[in-house]
Amino acid sequence: MGKTETADILVVGGGIFGLACAHACLDRGRRVTLIDAGLPGGGASGGPVGALSPHLPEKWNEKKAAQVRVLAEAEAWWCRIAALAGRDPGYARVGRYIPLTSEAARARAEEQARDAERFWPAPFRWSLEPGDALPFAAPHGAVFETLSARIDPPRAIEALAAALAARGGTILPNRAVHAVTEDRAETEDGPIAARAILLAPGAGAGPLAAPFLGAGPFQTVKGQAARVRPRKPLPAPLVYADGLYVVPHADGTVGIGATSENGYADPLTTDAQLDTLLARAEALLPGLAGATVERRWAGLRPRGPRPEPMLGRLPGTGTLFLAAGAFRTGFGMAPLVGRILASLITGGAEPIPPGFTIAEHMERFAAQRPRQPRRRETD
């Protein structure tokens, strides 16, 4: 057993949530140590796609409002990280096309445009474009919205880690945490005592949080994606069609993804499902014909019982906190998640949006679990 190390705030996990929370804690004047079982971004946060897009502007609620606010603030947030790190995270607000597949879809998009005008902040808009001038076939036209942005995930993680080090944060890579208790994390190289511990280990959240939640409520959903290099650079806007994202990046490559697989034999290998995704992307955007596949990627994305992130103080504890369940929204929601957790840890009052609390997740989890049949008592 190694000698006990000490930390002020210990962040477990070097993915997008852990890094964003670490920066937010530094903003509140705390000292931060970040520990990861591998290297920062080694899990789902290191994927190749990088789409930051809002929910549809319909059936408006506070969850959608919170997402729009954080996406609107993203440019300033990432510009600050770039300045602190001295490197480009690959962020650009480029907008998004959504091809419309029918006249009914076009009518619905017109209603959504009115909702966006009502609920989205200026200058962001949701408008309908004719199909004759688009880089894809769109006989019914397409939506173009100006809130969406791209991020280059591996470069963004590198920038966040470099900025954390530049600000005086400590990063402990290749060091797994096996268990946590109040004020203490057990690692393979000995314990670390901390005034507060934040669990943000992505797909590894379940085993660490389960003793405090009374169950392991997380799923790990496999995703497959790719980074390709077309013969000629594609126009900058993202394109989204029926679950498929095509994200042109500044270096001329294009992120394509992603599958969503609840059942899988191997979490880290790609297969014919990715080939199908690439074929769909080429059929959508002819400019991808003949593109060179530079990276095939598969990884596990953590999902809680609800689609929102799962945030808060772990039940029955005073110094253990959780930021988990990023699933598909990690980069888009990270600045808000960081502020919320830093506020909780330091006694602030940043509100948690509806659907994001641990209690709401566990309530959904309890409702989803199959009930055990009652045993009949016999004499």
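What you see is a predicted model, and the numbers here were worked out from it, not measured in a lab.

Visitor: Tell me about the packing of aromatic side chains, and name the residues and values.
Guide: Across all of its chains, the model carries 7 aromatic pairs by this definition. When the centroid spacing of 4.9 Å and the interplanar angle of 85 degrees are considered together, the rings of W77 and W78 count as edge-to-face. Here W77 and W78 have matching classes, each one buried. Here the aromatic rings of W120 and W126 are separated by 5.9 Å at their centres, their planes lie at 85 degrees, and the arrangement is edge-to-face. Put simply, the rings of W77, W78 and F331 touch in pairs and so form one group of aromatic residues. Its end group placed over the ring of F327, R303 keeps NZ or CZ at 5.6 Å from the ring centre.

Visitor: Account for empty space enclosed by the protein, naming residues and giving values.
Guide: Following the criterion strictly, the structure yields 1 cavity of 30 Å³ or more and no others. What lines the largest cavity is Y97, P135, L234, P235, P237, V239, V246, P248 and L285. Residues of the lining of the largest cavity, tallied by class, amount to 9 nonpolar, no polar and no charged.

Visitor: Go over the pairing of strand β11 (residues 190–199) with me, naming the residues and quoting the values.
Guide: A large share of β11 lies buried, amounting to 8 of its 10 residues. By the bridge criterion, 4 bridges tie strand β10 (residues 184–187) to β11 in an arrangement that is antiparallel. Across the sheet, the residue bridging to R184 is A193, located in β11. Between β10 and β11, which pair antiparallel one after the other, the connecting turn spans 2 residues.

Visitor: Kindly report on the confidence of the model for the protein, identifying the contributing residues and their values.
Guide: For the protein, per-residue confidence averages 94 on the pLDDT scale, and 97% of positions sit at 70 or higher. Per-residue pLDDT stays below 50 along residues 372–379; that stretch engages in 0 contacts with residues further than four places along the chain or on separate chains.

What counts, and where the lines are drawn
- Residues numbered from 1 in each chain as written.
- Predicted model: local features only at pLDDT ≥ 70, side-chain atom pairs only at ≥ 80, totals over all residues.
- Heavy atoms only, no water.
- Phe/Tyr/Trp six-rings, centres within 6.5 Å; stacked < 30°, edge-to-face > 60°.
- Buried < 20%, exposed > 50% of the residue type's maximum accessible area, 1.4 Å probe, protein only.
- Lys NZ or Arg CZ within 6 Å of the ring centre and 35° of its normal.
- 1 Å grid on protein atoms, 1.4 Å probe; cavity = no way out; pocket = protein on both sides within 12 Å on 5 of 7 lines; lining within 4 Å.
- Points joined across faces, edges and corners; volume = space filled by probe spheres on them.
- Nonpolar A, V, L, I, M, F, W, Y, C, P; charged D, E, K, R; others polar.
- Helix = DSSP H or I, 4+ residues; strand = E, 2+ residues; numbered from the N terminus.
- Pairing = 2+ DSSP bridges.
- pLDDT = per-residue confidence, 0-100.
- Contact = heavy atoms within 4.5 Å.

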